[in-house]
Amino acid sequence: MSAPLQRVAIVGGGAAGALAAVHLLREYREDCPLQIDLIDRTGTFGAGVAYGTEEPLHLLNVPAVRMGAIHGRPEHFHEWLAERGEPAAEEAFLSRGHYATYIRDLLANAEREAADARLRRHHGDVTAIVEHHGAAPAPLEVSLADGERIEADRVILAIGPLDGGDPIEVPEELKESGAYVADPWAAGALDAVRQDREVLVIGTGLSMVDIALTLCEGGAGPRLRAVSRHGLAPRRHRRTLTNLRRFHVPTETGRLEPMIAAVFAQICRVSQQGDDWRDVIDSMRPVTPSLWKALDTDEQRRFLHEFHRLWDVHRFRMAPEVADRFEALEGAGRVCTESKAIVSLEPHGSRVRVFLRSPGATDLDEVEVDRVINCSGAGTDLRRQAPPLLAGLISAGLARPDALGLGLDVDDDGALLGADGEPSERLFAIGSLRRGVEWEAIGITEIRDQSGAVARKIVRTGETEEIPLPAELRPVADTPTTREAA
Ligand SMILES: Cc1cc2nc3c(=O)[nH]c(=O)nc-3n(C[C@H](O)[C@H](O)[C@H](O)COP(=O)(O)OP(=O)(O)OC[C@H]3O[C@@H](n4cnc5c(N)ncnc54)[C@H](O)[C@@H]3O)c2cc1C
């Protein structure tokens, strides 16, 4: 006798939602009929903000051989390129638009191979998920803004980062005139900016770098002044692959100092062996969630306060070609990054007057620019500003924010923890929503593994399996001091 139909709704059709569908379809067996509803408010599937760009200068920030999207197969993207007759070097950084083609191809193949499973794509905004009482087992009801209702036995939340909103109060007049660009990734948002002379960017991370290359390459476009409190720009990748190793980081104390000391000691050690800090940062990736979980909440908060930006600029690096171009723009005086806090914005004719404060200064700097672009990043406090979907789940007790409010509380399998702390059998999260619990949660490496694990859990309910360590995580150079991380 075959099992009853499993209906799985996936909210969010970016890379994470598409990969959840891919892994569910790959787990599909004929004796377990499956229906997947993949829902996205933009009506696009498999790209999201990261890979939705057609700009060839927007490159991946991870080498090709580590961008595989199939659980346990980090080299799969590199193999896929070769199979299509587009071989690339292992260490190549390819365009993000090309990566969207890869994810969509994976989804189409998985769909074809699991022909009896049903995948339905919906263009819609999910506003609520409620438990539908009265039937046994009670299905979940997924409500869309247009009134459509979808019944599901399980729901996977893959909604990407929280909306960060405006980093400062923005006068309505600036929003209406277009002199303030709230979302540079929105279609056509940068069209008019190309004609500007002076533009201020709020934020100095990878998104700012993308915007700089989009607007300033080729000698045309405005001069960009990018500001953030820390003023740090992302570091560059080196041209060769980093060597991944295992090394011991003490977790017993729950304190940050011994962990940081161990990381610095390892950096000294690999430097003596002719490598550099990048090997250490990249080697930490698979164990970062366990290190993060070993810290108590106060120490996690301290990390966010004291080390977050420093970590980000070393962890999220520019591809070498991107760094070359960005540094050339800096050298030509087309782009500069500064440590300044924005105090206020006000309209000034057709331009914007911006008041800035340097660290430690009491006086304000005043500058006038044609436009201000917000690249300040994702939201960091769900408790202050939850989207309606999450606010509804939290108020119904079906979910709760993590201790820091960066996302939702989940167990090791990605199951949402309810108000009572119990893991849900039916609600799961992948990607950014797991950031507060796992910290390292938003890249493809993590998303592919989370998707694989959630899909396995849903399709093979009750079965457990040891997951082999992916090849990329096996040590390449075992030193006498190398010990397994926790
Ligand atoms: C510019 C940029 C470049 C990056 N480059 C890399 C890289 O090179 N390598 C790497 O590993 N990672 C990279 N990342 C990290 C990236 O976050 C992940 O790789 C991945 O794209 C995240 O996908 P996601 O599906 O979780 O989020 P998103 O891409 O944000 O997708 C979430 C989707 O959910 C939809 N959605 C949200 N709420 C609802 C709702 N209520 N109803 C319906 N739909 C909803 C949104 O419309 C969106 O399409 C990059 C990120 C950015 C922003």
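Residues numbered from 1 in each chain as written. Predicted model: local features only at pLDDT ≥ 70, side-chain atom pairs only at ≥ 80, totals over all residues. Heavy atoms only, no water.

A closer look at helix α12 (residues 320–331)
Piece 1. In this model α12 runs 16 Å from its N-terminal to its C-terminal C-alpha over 12 residues, within 8% of the 16 Å that 1.5 Å per residue would give.
Piece 2. Turning to α12, its buried residues number three or more, namely Pro320, Val322, Ala323, Phe326 and Leu329.
Piece 3. Residues of α12 that are buried in the fold lie against α6 (206–216) and β11 (335–339).
Piece 4. Looking at the residues trailing α12, positive phi occurs at Gly333, about 75 degrees. (Helix = DSSP H or I, 4+ residues; strand = E, 2+ residues; numbered from the N terminus. Expected span 1.5 Å × (residues − 1). Buried < 20%, exposed > 50% of the residue type's maximum accessible area, 1.4 Å probe, protein only. Contact = heavy atoms within 4.5 Å.)

Regarding the site of the ligand
Piece 1. Around the ligand lies a shell of 33 residues, among which Ala16, Asp40, Tyr51, Asn61 and Ile444 are the nearest.
Piece 2. Tyr51 has a polar side-chain atom sitting 2.6 Å from an oxygen atom of the ligand.
Piece 3. A distance of 2.7 Å separates an oxygen atom of the ligand from a polar atom in the backbone of Asn61.
Piece 4. Taking 1000 Å² as the accessible area of the ligand by itself, protein coverage stands at 87%.
Piece 5. Elements with a minimum of two residues in the shell around the ligand: α1 (15–27), β2 (34–40), α2 (48–51) and α15 (444–459).
Piece 6. Per-element accounting of the shell around the ligand gives the leading share, four residues, to α2.
Piece 7. When the residues that make up the shell around the ligand are grouped by side-chain class, the tally is 19 nonpolar, nine polar and five charged. (Near = heavy atom within 4 Å. Polar contact = N/O pair within 3.5 Å; in protein donor to acceptor, adjacent residues only side chain to side chain. Areas by Shrake-Rupley, 256 points an atom, 1.4 Å probe, with all protein chains shown as cover. Nonpolar A, V, L, I, M, F, W, Y, C, P; charged D, E, K, R; others polar.)

Quick notes on the pairing of β2
It is a general feature of regular strands that their side chains alternate between the two faces of the sheet.
Piece 1. Across the seven residues of β2, seven count as buried, placing the element largely inside the fold.
Piece 2. Judged from the six bridges that link them, strand β1 (residues 6–11) and β2 form a sheet pairing that is parallel. For Arg7, the partnering residue across the bridge sits in β2 and is Gln35.
Piece 3. In the classification by handedness, the crossover that spans β1, the intervening α1 and the parallel β2 is right-handed.
Piece 4. Of the strand pairs in this sheet, β2 and strand β3 (residues 118–123) are connected by six bridges, and their pairing is parallel. Counted as the bridge partner of Gln35 is Arg118 from β3. (Pairing = 2+ DSSP bridges. Right-handed = clockwise from strand over helix to strand, strands pointing away.)

Observations concerning the pairing of strand β9 (residues 198–202)
Piece 1. By the criterion of burial, β9 is predominantly enclosed, with four of the five residues buried.
Piece 2. Of the strand pairs in this sheet, β9 and strand β10 (residues 223–228) are connected by five bridges, and their pairing is parallel. Residue pairing for β10: Val201 is matched across the bridge by Ala226.
Piece 3. In the classification by handedness, the crossover that spans β9, the intervening α6 and the parallel β10 is right-handed.

Some words on the environment of Asp279
Piece 1. Positionally, Asp279 belongs in helix α8 (residues 277–283).
Piece 2. For Asp279 and Glu327, which are 48 residues apart along the polypeptide, the C-alpha to C-alpha distance reads 23 Å.
Piece 3. The residues contacting Asp279, other than those within four sequence positions of it, are Arg238, Thr242, Asn243 and Arg245.

What to know about the packing of aromatic side chains
Piece 1. What the rule picks out here adds up to 11 aromatic pairs.
Piece 2. Ring plane angle 55 degrees and centroid distance 4.9 Å describe the contact between Phe77 and Tyr102, whose orientation is recorded as tilted. Taken as a pair, Phe77 in helix α3 (residues 76–83) and Tyr102 in helix α4 (residues 96–113) lie far apart in primary sequence, 25 residues in all.
Piece 3. Relative accessible area serves as the criterion here: at 0%, Tyr102 is assigned to the buried category.
Piece 4. For the ring pair Trp292 and Phe303, a centre distance of 5.8 Å and an interplane angle of 80 degrees mean the geometry is edge-to-face. With Trp292 in helix α9 (residues 288–294) and Phe303 in helix α10 (residues 297–306), this pair connects stretches of sequence that are 11 residues apart. (Phe/Tyr/Trp six-rings, centres within 6.5 Å; stacked < 30°, edge-to-face > 60°.)

Focus on the environment of Asp449
Piece 1. Looking at where Asp449 falls in the secondary structure, it is placed in helix α15.
Piece 2. Along the backbone, Asp449 and Asn61 are 388 residues apart, and their C-alpha atoms lie at a distance of 18 Å.
Piece 3. Among all residues touching Asp449, those that are not within four sequence positions of it are His71 and Gly72.
Piece 4. Of the polar contacts made by the side chain of Asp449, one reaches the side chain of His71; its length is 3.0 Å.

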